[in-house]
Amino acid sequence: MSLSLSEKPAPKKAETQAIEEKQNNSGSSAIPKIIRDTLACFRSVQLAITLLALLAVATLAGVFLPQEGLVDIAQIKRDFGPNYRMMKAMGLFNVYSSYWFITLEVLFFFNLLFGSFKWLRPAALAATQKSFCTARQISAAKERIQVESSQSVEATAAQVIGLLKSARYQVHEAAKSPDGERLLYATKGNWSRFGPAVAHTGILLLLIASVYGVFTGFK
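Predicted model, so just to flag it, every value in this text is computed and none were measured.

(A) Highlighting the overall build of the chain. Along its length, the chain carries eight helices and three strands. Secondary structure elements of the chain occur, N-terminal to C-terminal, as β-α-α-α-α-α-α-α-β-β-α. Among the 219 residues that make up the chain, the fraction classed as buried is 24%. Contacts spanning at least 24 positions in sequence make up 72% of the contacts within the chain whose residues lie at least 6 apart. Accessible surface, the chain as shown: approximately 15,700 Å² in total, 62% of it carbon and sulfur.

(B) Representation of the packing of helix α2 (residues 45-64) against helix α5 (residues 99-128) in the model. Contact geometry of α2 with α5 gives a least axis separation of 10 Å together with a crossing angle of 150 degrees. With respect to each other, α2 and α5 are oriented roughly antiparallel. The handedness of the crossing between α2 and α5 is left-handed. Taken together, the residues of α5 that come into contact with α2 (itself represented by Leu-47, Ala-48, Leu-51, Leu-52, Leu-54, Leu-55, Ala-58 and Thr-59) are Trp-100, Phe-101, Leu-104, Glu-105, Leu-107, Phe-108 and Asn-111. Tallied by class, the residues present in the contact of α2 with α5 amount to twelve nonpolar, two polar and one charged.

(C) Main features of the environment of Phe-93. If you trace the backbone, Phe-93 turns up in the loop between α4 (84-89) and α5. For Phe-93, a relative accessible area of 1% gives the class buried. Residues Phe-93 and Ile-73, spaced 20 residues apart in sequence, show a C-alpha to C-alpha distance of 9.4 Å. Once residues lying within four places of it in the same chain are set aside, the contact partners of Phe-93 are Pro-66, Gln-67, Glu-68, Ile-76, Phe-80, Tyr-84, Met-87 and Lys-88.

(D) Representation of a nonpolar patch on the surface. Nonpolar side chains collect at one region of the surface, where Leu-60, Val-63, Phe-64 and Tyr-96 lie side by side and expose about 440 Å² of accessible area between them. Position of Phe-64 relative to the elements: it lies in helix α2. Classification of Phe-64 as exposed rests on a relative accessible area of 67%.

(E) Region of interest: the packing of aromatic side chains. For the coordinates displayed, the defined rule picks out six aromatic pairs. Through successive ring pairs, a cluster of aromatic residues spans Phe-80, Tyr-84 and Phe-93.

Thresholds, definitions, all that
- Residues numbered from 1 in each chain as written.
- Predicted model: local features only at pLDDT ≥ 70, side-chain atom pairs only at ≥ 80, totals over all residues.
- Heavy atoms only, no water.
- Helix = DSSP H or I, 4+ residues; strand = E, 2+ residues; numbered from the N terminus.
- Buried < 20%, exposed > 50% of the residue type's maximum accessible area, 1.4 Å probe, protein only.
- Contact = heavy atoms within 4.5 Å.
- Areas by Shrake-Rupley, 256 points an atom, 1.4 Å probe, with all protein chains shown as cover.
- Axes fitted to C-alpha atoms, helices over the stretch in contact; angles between N-to-C directions.
- Parallel < 35°, antiparallel > 145°, perpendicular 65-115°, else oblique.
- Left-handed = near helix turned anticlockwise from the far one by under 90°.
- Nonpolar A, V, L, I, M, F, W, Y, C, P; charged D, E, K, R; others polar.
- Patch = residues over 30% accessible without salt bridge, like charges linked within 9 Å, V, L, I, M, F, W, Y side chains within 5 Å.
- Salt bridge = Lys/Arg side-chain N within 4 Å of Asp/Glu carboxyl O.
- Phe/Tyr/Trp six-rings, centres within 6.5 Å; stacked < 30°, edge-to-face > 60°.

Here it is, written out as structure tokens:
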């Protein structure tokens, strides 16, 4: 939320210059197209849903089918008879250590890793940047509130700052403009944007520990 206080009413214009044009064109030409296409594939939400569904089905297979190390091999052979060798070759009796389950985990790891990097920078900028808007820019915005006050700019600003702080906003103030405007910027809950990053970090650590345990653990 940005607020501008001025002694004179701000002039209204139907059209103003676009803001933040440069942010959309930063750094895209520095990465080769093949790498960009590969990363875009790994960042796909559809791929993430597909991998999650396959991991869920594989986990159910590991729950309902007897697993070596928990059930005696001789008993598994008796229960499945001639199908034992085929199912063992498919890794169904050792699901969580099978090559295809590890492959699914590795693919999901990179999908989540690259997908997280995609929105991590915008979230960090949104949480840390302060975008002060002038009265001219606010008057051109579609969503705005205009309040007239008989008090001075200083008194009105002090009252507004008090109201915002009482609502637990963090209020920042820019240096006065040459036109005498008092520019305020209020924000609340910006750091909550990093909540998904914490959750994704936990999932990434879980995947790393799972694959690490397969190659270094013992039964």
